[in-house]
Protein chains: 4
Amino acid sequence: MKESADTPVDAAPATAPTRRPTVPALEEMIGVTLPVLDHGFVRLVDYMGDDQAIVQAARVSYGRGTRRVREDRGLIRYLLRHQHTTPFEMCEIKVHMKLPIFVARQVIRTRLASVNEYSGRYSVLDREFYLPDPAVLGAQSAANRQGRGDVVSPKRAAHVLDLLKGDAERAYAHYEDMLGGSAEALQTGEERGEEHEGIARELARINLPVSFYTQWYWKIDLHNLLRFIALRADPHAQYEIRVYAEALATLTRLWVPDVYEAFVDYRLEAAGLSRMELEALRSLLRGEQPDLAALGLSAREQAEFKQRFGLI
Amino acid sequence: MKESADTPVDAAPATAPTRRPTVPALEEMIGVTLPVLDHGFVRLVDYMGDDQAIVQAARVSYGRGTRRVREDRGLIRYLLRHQHTTPFEMCEIKVHMKLPIFVARQVIRTRLASVNEYSGRYSVLDREFYLPDPAVLGAQSAANRQGRGDVVSPKRAAHVLDLLKGDAERAYAHYEDMLGGSAEALQTGEERGEEHEGIARELARINLPVSFYTQWYWKIDLHNLLRFIALRADPHAQYEIRVYAEALATLTRLWVPDVYEAFVDYRLEAAGLSRMELEALRSLLRGEQPDLAALGLSAREQAEFKQRFGLI
Amino acid sequence: MKESADTPVDAAPATAPTRRPTVPALEEMIGVTLPVLDHGFVRLVDYMGDDQAIVQAARVSYGRGTRRVREDRGLIRYLLRHQHTTPFEMCEIKVHMKLPIFVARQVIRTRLASVNEYSGRYSVLDREFYLPDPAVLGAQSAANRQGRGDVVSPKRAAHVLDLLKGDAERAYAHYEDMLGGSAEALQTGEERGEEHEGIARELARINLPVSFYTQWYWKIDLHNLLRFIALRADPHAQYEIRVYAEALATLTRLWVPDVYEAFVDYRLEAAGLSRMELEALRSLLRGEQPDLAALGLSAREQAEFKQRFGLI
Amino acid sequence: MKESADTPVDAAPATAPTRRPTVPALEEMIGVTLPVLDHGFVRLVDYMGDDQAIVQAARVSYGRGTRRVREDRGLIRYLLRHQHTTPFEMCEIKVHMKLPIFVARQVIRTRLASVNEYSGRYSVLDREFYLPDPAVLGAQSAANRQGRGDVVSPKRAAHVLDLLKGDAERAYAHYEDMLGGSAEALQTGEERGEEHEGIARELARINLPVSFYTQWYWKIDLHNLLRFIALRADPHAQYEIRVYAEALATLTRLWVPDVYEAFVDYRLEAAGLSRMELEALRSLLRGEQPDLAALGLSAREQAEFKQRFGLI
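Residues numbered from 1 in each chain as written. Chains lettered and ligands numbered in written order. Predicted model: local features only at pLDDT ≥ 70, side-chain atom pairs only at ≥ 80, totals over all residues. Heavy atoms only, no water.

### Observations concerning the overall build of chain A
If you tally the helices and strands in chain A, you get 13 helices and nine strands. For chain A, buried positions account for 60% of its 312 residues. Restricting to contacts in chain A with at least 6 residues of sequence separation, those with at least 24 account for 70%. Carbon and sulfur atoms make up 51% of the accessible area of chain A, which amounts to about 12100 Å² in all. (Helix = DSSP H or I, 4+ residues; strand = E, 2+ residues; numbered from the N terminus. Buried < 20%, exposed > 50% of the residue type's maximum accessible area, 1.4 Å probe, protein only. Contact = heavy atoms within 4.5 Å. Areas by Shrake-Rupley, 256 points an atom, 1.4 Å probe, with all protein chains shown as cover.)

Written out as C-alpha cells, the structure is:
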C-alpha cells in the first residue's frame, strides 16, 4: 500500500462541519493534484482564513476609525496598495509539493515558509528526474546574463536530452548499486546477500543530480506567498520555478479573489518608478523632451523606460 | 451596534462543511471568550491542523524510514523530545486578545507571531485599565531580583489601589479633554464646539498609563506557541502575562492533546541539566558525596540542584 | 558613577587595529550621542560591513557572470533597483536608543531587529517623560484618519501641556510612593523604614504613562534598516518616530554612501504605480485624456495621481 | 587573475584603526582559510561584538538591578543557563564557505542566517566534487535509522568511489558539452564555433550531482550560531556537515571564549531530562529501584537513560 509520501491519488477527503471561515471554491481543490513539469505536482492540503479574515484583522487594527468609510473590497485594495502587510499574514496555506532539487533550492530561500522535506538520509529516493521538454530548451541569453534565449536546434536538443537522461539513469543505477540492492527491495525491507554490502543512504544519495525530484510539505502565510509569487512568477525567474509559482497563483485566486485582484493591480502589473523616471515623466507630460541620460538613467534603464511607456 | 473590535459576545458562528482536518473539541471554543484579568480575554478565532497534521508532515520528512515502526503518539513524543521542531510549525492558531499594554509589550517580543493591534492613532481607546486584585499585590522579592514576594498589608494594598485607580481615571478624563470631547461622542462622530479644539489622537494617548487595555489579533504556529507557553507560563514570569499563557495552554490542550501531553513531559516538567549537574548525579548514583562547588556549580546552582532532587 | 544604562557621555572609545572593513566617517560617530526629542537619543555602538561588503557578497552570488560589466556603484544601484535584497543583509549596525514607550511600541514591530530593552521589572525607571513642543501639537487631521492637522491655538496648547506634565509628574511621584521610597534611594539600595512597604517594581510601573522614556540596544541589518527608514521617515509616520528614523538615516548616509544614494533614488523618492496608473500614463503620453475613474482609480487615487504628476 | 569567488589565498588584509570592540585572537583569523573535506573551506570575513558586548546588552536590559552583583563571566553563564538569548543576538560573524550542495541544503535550513550563494544561472560551476575518504564510508546503520554504521570493506569502498568519481567526472564533461565549450573558455569569454551551440547555464547545471561544491557568504548572529553548532556538531548529524560545524566552533571559541565555555557547560555537554527521567533519578537517589517502563520511558529512552548515568 502507498504512503502519503508517494504521489498522491486524487481523493476528496471526507467533510466535517466547522465554525471556521471556509472558501467553498478552495474546498473543491483539497486533495486535488495540480501536475507541474514531468513528474512534479502541487496539492492543496489545508488553508486558514479568507478575504474576510484580512478585513477583520485590519478592522481591529485601524479600529472604529475605518468603520463605515470603506467597504471590504476597498479596504483590501487600500491595504495592499499601501503595503500594510500584517493583515495578510493572518491567512495560511499548506501544500504538498513534488519538485526537482534545483527548484527546491530556490524555493527554500523564502525563509518565512515552514517546510518538511523528504529525507534522503532516512529513505530511498524515487527514480524520478526532470527532463526538460525540447520546447523550453533554450540557449544562454545574450541580453540577460542569467536567462534563456532562443530554443536550440532539434538536433542539439536531442543530444542534450540524451546526455541528461543517460547520466540520470546511470546515476540512479549506481545509487542502487551503492545501497546494495534495488530501491524497491530496500523499501520493502528484503534481505540483501553479503555480496551486496550497502553504504549509508546519506552517502549514496550524493551521486544523484539536482534534476532528481524531492518532495515536501510547505506552509506559508498569504503575505509571504504573494511575495513569492511576485518574485517567482516573474518572466525573469527560471521557467522551472515559474510553473510552480503559477500553480500556487491558481490556488490563491480561488482562495482570496479580492486579494488576488488587488495583487494584480498593485503588484504584478504595477511598476516601481525611480526618482529619475518620475522626473522624466513629469517633463514628458509638460510636453518637453527630457534627456534621460542627464537625469541619471543608465543605458538599461533608459531602454526599459522607453519600452514601458511605448516611447518608440 | 457593536464592532468586532469591542468586547465580543459569545456567539457560536454558523457551521459549514470542510474537507480540512477538524478538532471537534476546539470547534466548541470558536467564538467563546475566556476571561483573563479584570477586563481582558482570549477568544479563539481560527485554527489549522491537528495532532495528525504533525505526524503527516514528519512522515513526508522521515519518509518510509519511519513507516510501521512508530505509531502516531510515539512519533509525536519522539519529535518533541529530540527537538525536531519543524513539523510543529505546520499547525496555526489565531486568537483575539484584550490585554494591558504592559503585558502586550512582553507578548510582542515573540517575534514569530503575526499581530494586528488596535491603533490609538486611528481610534479612541477604551476607558478600561488593569487594577490588580489585592491578592496578587506583592512586594518586590528579595530573593529574586525581578519577582514578587509576599502580599503587602491590606492597608498598604488599599493605598496602592487608590493611587492606581485615581491616576488612571484622571489620565482618561484628561485624554478625553485633550481629544475635545467624550470618547462616546467622538466615536459616534458628533460635532464638537469650537471651544473643544481636540489634539490628534496619536498625541493625546501618550497620557495613558501602560495599565490601559489594548487588543489585537494574534496568530502563531504551534512550535512558537509552545515556546511562548514554556516561557510565559513559568513561575518566574510576571503573573499578569502568566494568566494569558494559561488561557492559551487551555486551548492548546484541547487542540492537540498528544502534543500537549508530550510538551508537559519533555518541556514543561522537564529540566536542562548542565555538564556539572550531570557529573554530580553520576557521582551521587555511585554512592559518593560530590563537592558541588568543586564541580563548578555556583551557590545558586547548588541550591537549585539540591532542591530539585530533594537532597535536603 | 554612571552606568551604561544612563544617558551616555560623549566619549570616543580608544582605537585598536582591525583587519575588518572600516568606515572612517562612521568611526567618528561611535560613542557620539544624537539627541532626539526632549530626552531621547540615538548613539552608535558598533557596525559591520560597508558599501564594498555588499558588492563582495553580490559578486560571490552572481559570480564571474558580473565580472567586468559593472563597477561597484552601478552594481549597488542595480541590486537595490531590482530588490535583490540579500546582499544588504550582510551589513549590521547597533545603536543605543532612548525613546518614549509609545514610540518603542512602534519600533518593535520591525521584527527582524534584535533588541535588549531596559526592564521595569528589575530596575527603577527614570523620571523622564516626553512633552511635545507646542510647534508639533497638532489637531486630529480631517483628511488623513490617523495624522495631525494644523497646530492648535497657543491657549489650547498650554492647557494640553499642563495636563500632560501634571499627570506624568503625579504618576511618577505615585510610582515612587508605591515603590516605598525615592528612585534615587532605591537605586543606591538605602534601607526603607517599615512604614514604606514597597510593592514589586513590575506592578508599580503600570502607573506610568506611555510618554515615559525607556531605552534599549537595537541591532539590525542594512536591508531591514532601509525598510524601517522608508516606512518610518515617511511623512505619514507619526512625528515622534520620524525623528528617530531621521537620526538613523543620518548614520546610514555616513556608513554606506553609495547604498544611501541608491536608496533615495529607487525607494525614498520613487513611487509604485498601479496597473491603472501605468495605463493612464501611457494614454496621457499618447496625448489622450484618459478617464481615470473608468480605468478603476478610486477618488483618492485620482487625486494622488494628479498631484504626483502636476496635472492641476 | 583570480576572482573573490574562487578559492581564496590566505592573505592578511591591511589593518586600520577602529573604535569598535576588537578580539585580537580572532583578528588573526581574518582571511585565513580553514580547510574542510576535500575541497571545502570556512574563511572568516568579518565579525561584530565580543564577550563584553553581550554583557553590555544584558546590563541595559536588566539595568541597575544587576549592577555589582555579578561579574561579567558569571552574567554570561547565567544568561546562557536561563536561555536569556537576546543578548547573544548582539554579536555577528560572517564567513565565506565552500561546501558540497548536499551539505548546503542542510545548512540553509538555519533560516535566521543571511546567505549569498554562487549562482549556477549566472556563472559556470567549478569542476570540484566531494569524494568521501574511505575511512568515513560507512554502511547504513541498523540501530539508527539515518546514521552510518561500520566502514565497508576496502573492496566495496573502492567500488563505491569508482562509481562516484566516474559519474561526477562524466556529469561535468557533459555539463561542459551542453554549455558548448570548456568551462575555462566560457569564463574567459572565448568565442564558440557554431557547432557548439550551448544551452542556458540554468539548464545545463541540472546534470550535476549534489556532491558538487558550491560556495557562499554566510552571516549569522551568535545566538543562532550556537544553535547551529549544537544541532550540527552533534554525533547524530551527518559527518559532512559536522566538520563544517566544528570549523565554526573553532572560530567561536577564539571569538567569545566566555560564551563558548558556558555553551559547553550548559548546552553541548548538558542534557534535557524529561519529567519521567527526573522522577526516576529522584527515586534512585532515595535508594529505590524505579520501574522505568512503568514511569513511562520508552525502550529507547530506558536504554539512553541507563547509558547516560552508567546504570549497567
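From this point, the narrative continues.
### Things to note about the sheet that holds strand β5 (residues 114-117) of chain A
Residue and element names in this part refer to chain A. Spatial strand order, β2-β3-β4-β8-β5: five strands in an open sheet with antiparallel pairing. Of all strands in the sheet, those with a lone pairing partner are β2 (33-36) and β5, marking the two edges. Pairwise comparison of adjacent strand axes, ignoring direction, gives a mean angle of 20° for this sheet. In this sheet, strand β8 (residues 213-221) lies alongside β5 in antiparallel orientation, the contact comprising four bridges. Pairing of Ser114 across the sheet is with Lys219, part of β8. Of the strands in this sheet, β4 (92-100) and β8 touch helix α8 (residues 222-232), which is tilted by about 125° from β8. (Pairing = 2+ DSSP bridges. Axes fitted to C-alpha atoms, helices over the stretch in contact; angles between N-to-C directions.)

### What about the relation of the copies chain D and chain C?
Of the transformation superimposing chain D on chain C, the axial component is 0.0 Å and the angular component is 180°, with the fit at an RMSD of 0.0 Å. Taken together, these values place the two copies in the relation of a two-fold axis. Judged by C-alpha distance, Pro17(D) is the residue of chain D that lies nearest the rotation axis, at 2.2 Å. Both copies share a contact surface, since 98% of the interface residues of chain D are interface residues in chain C too. (Least-squares fit on C-alpha atoms with pLDDT ≥ 70 in both.)

### Considering the interface of chain B and chain C
At the junction of the two partners, chain B supplies 59 residues and chain C supplies 58 residues. Buried surface at the junction of chain B and chain C, summed over both partners, amounts to about 5400 Å²; 50% is from carbon and sulfur atoms. Connecting chain B to chain C are six salt bridges. Linking chain B with chain C are 32 residue pairs in polar contact (both at pLDDT 80 or more), by the criterion used here. Of all the elements, helix α5 (residues 154-179) of chain B adds the most residues to the side of chain B that touches chain C, at 11 residues. Classifying every residue of the side of chain B that touches chain C by side-chain character gives 28 nonpolar, 15 polar and 16 charged. (Buried area = accessible area lost by both parts, 1.4 Å probe. Salt bridge = Lys/Arg side-chain N within 4 Å of Asp/Glu carboxyl O. Polar contact = N/O pair within 3.5 Å; in protein donor to acceptor, adjacent residues only side chain to side chain. Nonpolar A, V, L, I, M, F, W, Y, C, P; charged D, E, K, R; others polar.)

### Quick look at the environment of Val152(B)
Mapping Val152(B) onto the fold places it in the loop between β7 (148-151) and α5. Relative accessible area serves as the criterion here: at 5%, Val152(B) is assigned to the buried category. For Val152(B) and Asp265(B), which are 113 residues apart along the polypeptide, the C-alpha to C-alpha distance reads 36 Å. Those residues in contact with Val152(B), other than ones at most four positions away along the chain, are Leu137(B), Gly138(B), Ala139(B), Ala157(B), Glu197(C), Gly198(C) and Ile199(C).

### Notes on the sheet that holds strand β3 (residues 40-48) of chain D
All names here are of chain D. The strand order across the open sheet built from five strands is β2-β3-β4-β8-β5, with neighbouring strands paired in antiparallel fashion. Whereas interior strands pair on both sides, the edge strands pair on one side only; in this sheet they are β2 (33-36) and β5 (114-117). Averaged over all neighbouring strand pairs, the angle between strand axes comes to 20°, with direction disregarded. The pairing of strand β4 (residues 92-100) with strand β8 (residues 213-221) spans nine bridges and is classified as antiparallel. Counterpart to Met97 in the pairing with β8 is Trp216. Contacts between helix α8 (residues 222-232) and the sheet are confined to β4 and β8, with β8 contributing the most and set at about 125° to the helix.

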